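# Report on the structure
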Amino acid sequence: MDFLALARARRSVRSYRSDPVSPKALERCLEAARLSPSACNAQPWHFVVATEPALCRELADAMTSMGMNGFAKQAPALIALVQERPNISSRFGGLVKGKVYADMDCGIAAAHFCLQAASDGLGTCIIGWFDEKRVARALGVPKGKRIPLIITLGHPQNESGRPKARKALGDMSSNSRYSG
């Protein structure tokens, strides 16, 4: 698929069919994330894949607090992105520049995962609102490690989705000088 067509097609899916995601498709998404770039090649991520119904229910319960993310209960797969400690070069560079490169790196890896899923006809939604301690306990993630994101994954209930609402190109970019 042409990349721009893929970028246009990818949507945050909030309604899933119950059929499971094939292990091959899941592996392709993980491989796409594995191949994503990171600052100083730190690769500060670990993906925990949940497909067992009882575990998915437990995670979805931790994701649906305060009336948010109820659709997570429909997703046949939930993927927690655990942020690992980056290598010394990335940490030092981030300290010097006042940036958390690991946060950016994890976002890039999540985007690669989701774009591969879209390429395979699967739907995803990147979620940052959940009870992180509860998710960590359920997945056996050691104390001190962060789980910045969970990705829902499954076959979309509705293939068409709603149109993307995006700023016009001229409103989000400029040439030579900032014009925002």
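Up top is the structure these notes are about.
Everything quoted here is computed from the prediction, not taken from an experiment.

### A look at the pattern of salt bridges
Applying the stated criterion across every chain, the model contains 6 salt bridges. Salt-bridge contacts for arginine 17 lead to aspartate 19; the nearest nitrogen and oxygen are separated by 3.0 Å. Between arginine 34 and glutamate 31 there is a salt bridge, and its shortest N-O distance comes to 2.7 Å. Here arginine 34 and its partner glutamate 31 are both found in helix α2 (residues 23–34), 3 residues apart, which amounts to about one turn of the helix. Using a relative accessible area of 32% as the deciding quantity, one classes glutamate 31 as partly exposed.

### Focus: the state of the cysteines
Scanning the entire structure with this criterion turns up 0 disulfides. Here cysteine 106 is not disulfide-linked; the sulfur of cysteine 114 is the nearest cysteine sulfur, at 13 Å. Taking the relative accessible area as the measure of exposure, cysteine 106 reaches 2% and is therefore buried. Between cysteine 125, a cysteine without a disulfide, and cysteine 114, which holds the nearest cysteine sulfur, the sulfur-to-sulfur distance is 8.3 Å. Classification of cysteine 125 as buried rests on a relative accessible area of 3%.

### Description of a nonpolar patch on the surface
Together, Met66, Met68 and Trp129 line one region of the surface with nonpolar side chains, adding up to about 350 Å² of accessible area. On the secondary structure map, methionine 68 appears in the loop between α3 (53–63) and β2 (77–83).

### Remarks on the environment of histidine 155
Turning to its location among the elements, histidine 155 is positioned in the loop between β4 (146–154) and α7 (169–172). Discounting chain neighbours no more than four positions away, the residues touching histidine 155 are Ser15, Tyr16, Arg17, Asp19, Pro20, Val21 and Leu122. Here proline 20 takes part through its backbone oxygen, which lies 3.2 Å from a polar atom of the side chain of histidine 155.

Here is what the cut-offs are and how they apply
- Residues numbered from 1 in each chain as written.
- Predicted model: local features only at pLDDT ≥ 70, side-chain atom pairs only at ≥ 80, totals over all residues.
- Heavy atoms only, no water.
- Salt bridge = Lys/Arg side-chain N within 4 Å of Asp/Glu carboxyl O.
- Helix = DSSP H or I, 4+ residues; strand = E, 2+ residues; numbered from the N terminus.
- Buried < 20%, exposed > 50% of the residue type's maximum accessible area, 1.4 Å probe, protein only.
- Disulfide = S-S within 2.5 Å.
- Patch = residues over 30% accessible without salt bridge, like charges linked within 9 Å, V, L, I, M, F, W, Y side chains within 5 Å.
- Areas by Shrake-Rupley, 256 points an atom, 1.4 Å probe, with all protein chains shown as cover.
- Contact = heavy atoms within 4.5 Å.
- Polar contact = N/O pair within 3.5 Å; in protein donor to acceptor, adjacent residues only side chain to side chain.

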